[in-house]
Amino acid sequence: MAASMARTCRHVPRRGPCVLRLTLRSKLHNGLLLSLNKRGILKESFPEDAAQDRLPRLLQSGAQTVYCGFDPTADSLHVGNLLAIVGLLHFRSAGHHVLAVLGGATAQIGDPSGKTSERERLSAEVAEANTRGIRESIQRVFTNHELHFHDGSRKAGTVTVLNNLSWYKNRGVVDFLSEAGRHLRMGTMLSRHSVQSRLRSADGMSLTEFTYQVFQAYDFHHLNQIYGCKIQLGGTDQLGNLMSGHEYIHKASGDEVFGLTVPLVTSSAGDKLGKTAGNAVWLNRDKTSPFEFYQFFLRQPDASVERFLKLFTFLPLAEVTKLVHGKEGLESAKRCTDALYHSSVQALEEMSDGELQELFREAPFHELLLEPGTTVMDACRRLSAVPEGPRGYQMVSEGAVWINHRRTDNPEQLLLPKLHILSNGLTLLRVGKRNFYIIKWLSLQGLS
Ligand SMILES: N[C@@H](Cc1ccc(O)cc1)C(=O)O
């Protein structure tokens, strides 16, 4: 009977965990990575485990040099590229040096990452003209950031805009291949997602495109040698190229370098940002006027506002939250942070049903009738949180169950007010690492 009283009100799966999520709990609290992660600007790191300690340690050890490349395949960048630039700006504000590399050479090779077919060949002249357009907008964004957004409390790092044509144009092909080719293995290159997906397609892949990753890997090596650059930033489709750079440098000099990706920004409808109906939103004024650019952001649905403020502005997160959700919303966010990351029982106790549901979106919400003599085991069974029979009992005794952040390994333990049932009538039960259940207890009196 009791089990039938359990009512699952909501079960909303959360998006996949961000690879960098654990950084939040890592002992090495690196301000920059933590804040980029909280803003949603970082997606993955390579090597995967480096974000936990080696990368934060490197960033804390002194000013680093970080780079991101942009291929001039068009004469302007668009809003989709903006997040990588914003990422660079955050590094810069934190005192790190930034290299923006224009791919005057690589644009002529054509990056197959994320593309379903080979691009038309880009002549050297067009690549050069495009490079001019892109250089201008990148420089403008960096200058505007310095003038209007950098708070000045910390010395910003330097910004250098380079063109990779400068290190390829006088390089002989024999010389280049005999050096660079040796540091990359065919098996690894062939295994890249960008290569595999194209090899399976009807058109296959040209040798030119296949060699793209050699160039990007060499760029990283070159910047590592000349500028001591150890970090490369790129969109999610760049992960394979970042890994090739890591492999190259590891083989060539033994230095450890890192790759970080920024997410692909999508509208709330899931379209690539700024590409709706084929109308890209460009960063160059002659292609998209400031008015159109402004209107594009103004028209974004409410559901995207908070995400975009975090991604594209430098407002402190508390201000963004206050702007969107008011003072009460900010307080709620702080309570939720305490409850989740600081395991604060008091914060849990101060939460409303709604807040608890917001915080544990994955967790089913159950309303259960509180019967006298209910034990920990009864609660687990009524939620179907543990397997039936002796296995479930064993799981509880072995310590797999946590109630209100406290491990509860006695299955026969009676549920006690205050300890197990908070004064707001709620219980947060966790089984294993991440299976959360929220219980709202209904008392018999409450029902009558
Ligand atoms: N391949 C990158 C651009 C790039 C070019 C050269 C580099 O060294 C790095 C990145 C892209 O298409 O987005």
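These numbers were taken from a predicted model, which means no experiment stands behind them.

Novice: Could you give an account of the overall build of the protein chain, naming the residues involved and the relevant values?
Specialist: In terms of regular secondary structure, the protein chain is built from 21 helices and eleven strands. Along the longest, intermediate and shortest principal axes, the C-alpha atoms of the protein chain span 85 × 50 × 45 Å. Each of the 448 residues in the protein chain was classed as buried or not, and the buried ones make up 47%. In the protein chain, the proportion of contacts linking residues at least 24 apart, taken out of those at least 6 apart, comes to 72%. Carbon together with sulfur atoms contributes 53% to the accessible area of the protein chain, which is approximately 22700 Å² in total. Across the protein chain, the 52 positively charged side chains and the 45 negatively charged ones have centroids separated by 2 Å.

Novice: With reference to specific residues and values, describe the sheet that holds strand β1 (residues 44–46).
Specialist: Strand order in the open sheet formed by six strands is β1-β6-β5-β2-β3-β4, and the pairing between neighbours is mixed. In this open sheet, the two strands that pair with only one neighbour each are β1 and β4 (159–163). Shown here is a sheet whose adjacent strand axes are inclined to one another by a mean of 25°, direction ignored. When strand β2 (residues 65–70) meets strand β3 (residues 97–102), the two strands line up parallel, connected through six bridges. Within β3, the position partnered with Thr-65 by the bridge is His-97.

Novice: So what's going on with empty space enclosed by the protein? Residues and values would help.
Specialist: Taken as a whole, this structure holds one cavity of 30 Å³ or more when the rule is applied. Of the volumes computed, that of the largest cavity is approximately 30 Å³. Lining the largest cavity are Asp-111, Pro-112, Ser-113, Ser-194, Val-195, Met-205, Glu-209, Phe-210, Gln-213 and Asn-241. Mapped by element, the contributors of at least two residues to the lining of the largest cavity are α10 (193–199) and α11 (207–210). When the residues that make up the lining of the largest cavity are grouped by side-chain class, the tally is four nonpolar, four polar and two charged.

Novice: So what's going on with the site of the ligand? Residues and values would help.
Specialist: Residues in close proximity to the ligand include Tyr-67, Gly-69, Asp-71, Thr-106, Asp-111, Asn-164, Tyr-212, Gln-216, Asp-219, Gln-232 and Gln-238, which together make up its full environment. In the environment of the ligand, a nitrogen atom lies 2.7 Å from a nitrogen or oxygen atom belonging to the side chain of Tyr-212. Between the ligand and Asp-219 there is a distance of 2.5 Å, counted from an oxygen atom to a side-chain nitrogen or oxygen. A total of 340 Å² of accessible area belongs to the ligand in isolation, and the protein chains cover 87% of it. Within the residue set of the shell around the ligand, elements represented by two or more residues are β2 and α12 (212–227). Here the shell around the ligand takes three residues from α12, the largest share from any one element. Split by residue class, the shell around the ligand holds two nonpolar, six polar and three charged.

Novice: Please give an account of helix α20 (residues 390–397) that cites residues and values.
Specialist: For α20, the full list of buried residues reads Gly-392, Met-395 and Val-396. On an axial view of α20, the arc spanned by its buried residues comes to 95°, and they lie on one face. For α20, the secondary structure elements touched by its buried residues are α19 (376–382), β8 (401–403) and β10 (426–431). Gly-399 sits one or two positions beyond α20 and adopts a positive phi of about 90°.

Novice: Please give an account of the pairing of strand β6 (residues 258–262) that cites residues and values.
Specialist: Along β6, five of the five residues are buried, which leaves the element largely enclosed by surrounding structure. Here β6 shows no split at all, with Phe-258, Leu-260 and Val-262 on one side and Gly-259 and Thr-261 on the other all buried. Strand direction decides the pairing type here: β1 and β6, joined by three bridges, are antiparallel. The residue bridging Phe-46 from the neighbouring strand is Gly-259, located in β6. By the bridge criterion, five bridges tie strand β5 (residues 231–235) to β6 in an arrangement that is parallel. Along β6, the bridge assignment pairs Ile-231 with Phe-258.

Novice: If you had to explain unusual backbone geometry to someone new, which residues and values would you point to?
Specialist: For the peptide bond that leads from Phe-46 to Pro-47, omega is -5°, which places it in the cis range. Residue Asn-404 is not a glycine yet carries a positive backbone phi of 50°. Take Asn-404: its relative accessible area is 0%, and that puts it in the buried class.

Novice: Mind laying out the packing of helix α4 (residues 79–93) against helix α6 (residues 124–149), listing which residues take part and the relevant values?
Specialist: Interhelical geometry of α4 versus α6 gives an angle of 40° and a closest axis separation of 11 Å. Taken together, the axis directions place α4 and α6 in an arrangement best described as oblique. Handedness of the α4/α6 crossing: right-handed. Contact with α4, carried on its side by Ile-85, Leu-88, Leu-89, Arg-92 and Ser-93, involves Ile-138, Val-141, Phe-142, His-145 and Glu-146 of α6 and no other residues of that element.

Novice: Which residues make up the sheet that holds strand β11 (residues 435–442), and what are the values?
Specialist: Overall, mixed pairing links the five strands, which are arranged β7-β11-β10-β8-β9 in an open sheet. Strands with a single pairing partner mark the edges of an open sheet, and in this sheet they are β7 (365–369) and β9 (406–407). Across three bridges, β8 lies against β10 in antiparallel orientation. Each bridged residue has a counterpart across the sheet, and for Ile-403 the counterpart in β10 is Leu-429.

What counts and what doesn't
- Residues numbered from 1 in each chain as written.
- Predicted model: local features only at pLDDT ≥ 70, side-chain atom pairs only at ≥ 80, totals over all residues.
- Heavy atoms only, no water.
- Helix = DSSP H or I, 4+ residues; strand = E, 2+ residues; numbered from the N terminus.
- Buried < 20%, exposed > 50% of the residue type's maximum accessible area, 1.4 Å probe, protein only.
- Contact = heavy atoms within 4.5 Å.
- Areas by Shrake-Rupley, 256 points an atom, 1.4 Å probe, with all protein chains shown as cover.
- Lys, Arg positive; Asp, Glu negative; His and termini not counted.
- Charge placed at Lys NZ, Arg CZ, Asp CG, Glu CD.
- Pairing = 2+ DSSP bridges.
- Axes fitted to C-alpha atoms, helices over the stretch in contact; angles between N-to-C directions.
- 1 Å grid on protein atoms, 1.4 Å probe; cavity = no way out; pocket = protein on both sides within 12 Å on 5 of 7 lines; lining within 4 Å.
- Points joined across faces, edges and corners; volume = space filled by probe spheres on them.
- Nonpolar A, V, L, I, M, F, W, Y, C, P; charged D, E, K, R; others polar.
- Near = heavy atom within 4 Å.
- Polar contact = N/O pair within 3.5 Å; in protein donor to acceptor, adjacent residues only side chain to side chain.
- Arc of directions from axis to C-beta.
- Parallel < 35°, antiparallel > 145°, perpendicular 65-115°, else oblique.
- Left-handed = near helix turned anticlockwise from the far one by under 90°.

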